[in-house]
Amino acid sequence: MSLYTRIIGTGAFLPEQVLTNQELEVMLDTSDEWIRERTGIRERHIVAEGECCSRLAEVASRRALADADIDPATIDFIVVATTTPDQVFPSAACFLQQRLGIRDCCAFDIVAGCTGFIYALGVVDQFIRTGSIRRALVVGAEILSYIVDWQDRDTAVLFGDGAGAVVVEAGPEPGILSSHLHADGTYTDILQVPGGVGDRKRDPYIEMRGNELFKVAVTTLSDVVEETLRANDMQNSELDWLVPHQANLRILQAVARRLKLPLDRVVVTVDEHANTSSASIPLAFDVAVRDGRIRRGETVLMEAFGGGITWGSVLLVY
Ligand code: UT7
């Protein structure tokens, strides 16, 4: 019997404090008009001082566990996709495990830039398909406000904080149909946070060549979307939903155009959440499941692109 990875619960968490474009106008040489026209972003959520990644992950996870109606002790695999863990080590996944009171399961972080959640789902899917594990908690959680240079208008307007989580379980019905994970390390310097462990002289803030990245993103995402459909012998018209990484409304629109998918079939949260990196897809997915748009049995394509560079997709039946 084939085993599939099925999403049985979703959850999300956004910090209470909202930072609007108008507030950024006061802090930086920017305008609400520029930000909305170039990115589609209106506002973002920002954590209070002292917050940490695993706490955001915990709230999103508890909501996903409650939605799945399962005991946390039955989870046998935890993966947290993040670029902003609580500490260098232990992993945010181990801190999350501690917070949830789960003993003795596999727990680790994945660093794949904004593609982290796709990588995490792809990895978990392999363990579930082979029957090695039964239930996993897959989380994307980020506090990007800690690694943004708030003097730099090129990046400060783009990012936000938040967390999203799914509980997945092995089952005979589809399920994740396929995952496609890619990286090209020749582009490590196009989007990066330098400094840190090996180099204490450089500031540990996001550096990005936005315009170049924009072009690479549209090309690689269009390619991976086609690769995914081909691998499943599917036509664009068979897709019910696109849940893309929320970096820029114009990138989402370009991929939707390539798929000939009407925009009302694309889940868009970038206007309210901005770019929350690894958290953006599970956040958007949770929003669209809870507001009743994405329903059981529908086909969902998730895709992302991020620092590394990394890119990838997951096609699933919800
Ligand atoms: O999560 C995955 C990784 N991230 C991405 O995928 C982001 C990809 N890139 C983008 O989304 C876009 O490239 C940006 C939104 C970052 C920038 O949009 P753009 O249309 O590519 O603008 P640009 O970089 O070509 O800059 C246009 C102008 C420049 O001024 P000049 O040189 O034309 O005079 C910038 O200095 O806009 C200026 N600019 C700003 N103006 C007001 C850059 N940032 C701002 C700002 N407010 N915040």
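On a predicted model such as this, the values are computed, not experimentally measured, just so you know.

**Q** Go over the pairing of strand E13 (residues 310–317), please, and point to the residues and values.
**A** Where burial is concerned, most of E13 is hidden: eight out of the eight residues are buried. Burial along E13 is two-sided: the residues Thr310, Gly312, Val314 and Leu316 and Trp311, Ser313, Leu315 and Val317 are all buried. In this sheet, E13 lies alongside strand E8 (residues 176–183) in antiparallel orientation, the contact comprising seven bridges. Across the sheet, the residue bridging to Ala183 is Thr310, located in E13. Judged from the eight bridges that link them, strand E12 (residues 299–306) and E13 form a sheet pairing that is antiparallel. Residue pairing for E13: Ala304 is matched across the bridge by Gly312.

**Q** Could you give me a rundown of the domain arrangement of the protein chain, with the residues and numbers involved?
**A** The domains assigned to the protein chain are domain 1 (4–171) and domain 2 (176–317). Domain 1 and domain 2 are separated by 15 Å when their C-alpha centres are compared. Summed over both sides, the interface of domain 1 with domain 2 buries roughly 4,000 Å², with 62% coming from carbon and sulfur. Three residues stand out in domain 1 for area buried against domain 2, namely Cys114, Ile118 and Tyr119, and they jointly supply 17% of the buried area on that side. At the surface where domain 1 touches domain 2, the tally comes to two salt bridges. Among the salt bridges present, the one from Asp271 reaches Arg42, with a minimum N-O distance of 3.5 Å. Viewed at the interface, domain 2 and domain 1 are joined by 22 residue pairs in polar contact (both at pLDDT 80 or more). Contributing elements (two or more residues each) for the side of domain 1 that touches domain 2: strand E1 (4–13), helix H2 (32–39), strand E3 (43–45), helix H3 (53–68), helix H5 (116–129), strand E6 (135–143), helix H6 (153–156) and strand E7 (161–171). The class makeup of the residues in the side of domain 1 that touches domain 2 is 25 nonpolar, 18 polar and 15 charged.

Here is what the cut-offs are and how they apply
- Residues numbered from 1 in each chain as written.
- Predicted model: local features only at pLDDT ≥ 70, side-chain atom pairs only at ≥ 80, totals over all residues.
- Heavy atoms only, no water.
- Buried < 20%, exposed > 50% of the residue type's maximum accessible area, 1.4 Å probe, protein only.
- Helix = DSSP H or I, 4+ residues; strand = E, 2+ residues; numbered from the N terminus.
- Pairing = 2+ DSSP bridges.
- Domains from an automatic or database assignment.
- Buried area = accessible area lost by both parts, 1.4 Å probe.
- Salt bridge = Lys/Arg side-chain N within 4 Å of Asp/Glu carboxyl O.
- Polar contact = N/O pair within 3.5 Å; in protein donor to acceptor, adjacent residues only side chain to side chain.
- Nonpolar A, V, L, I, M, F, W, Y, C, P; charged D, E, K, R; others polar.

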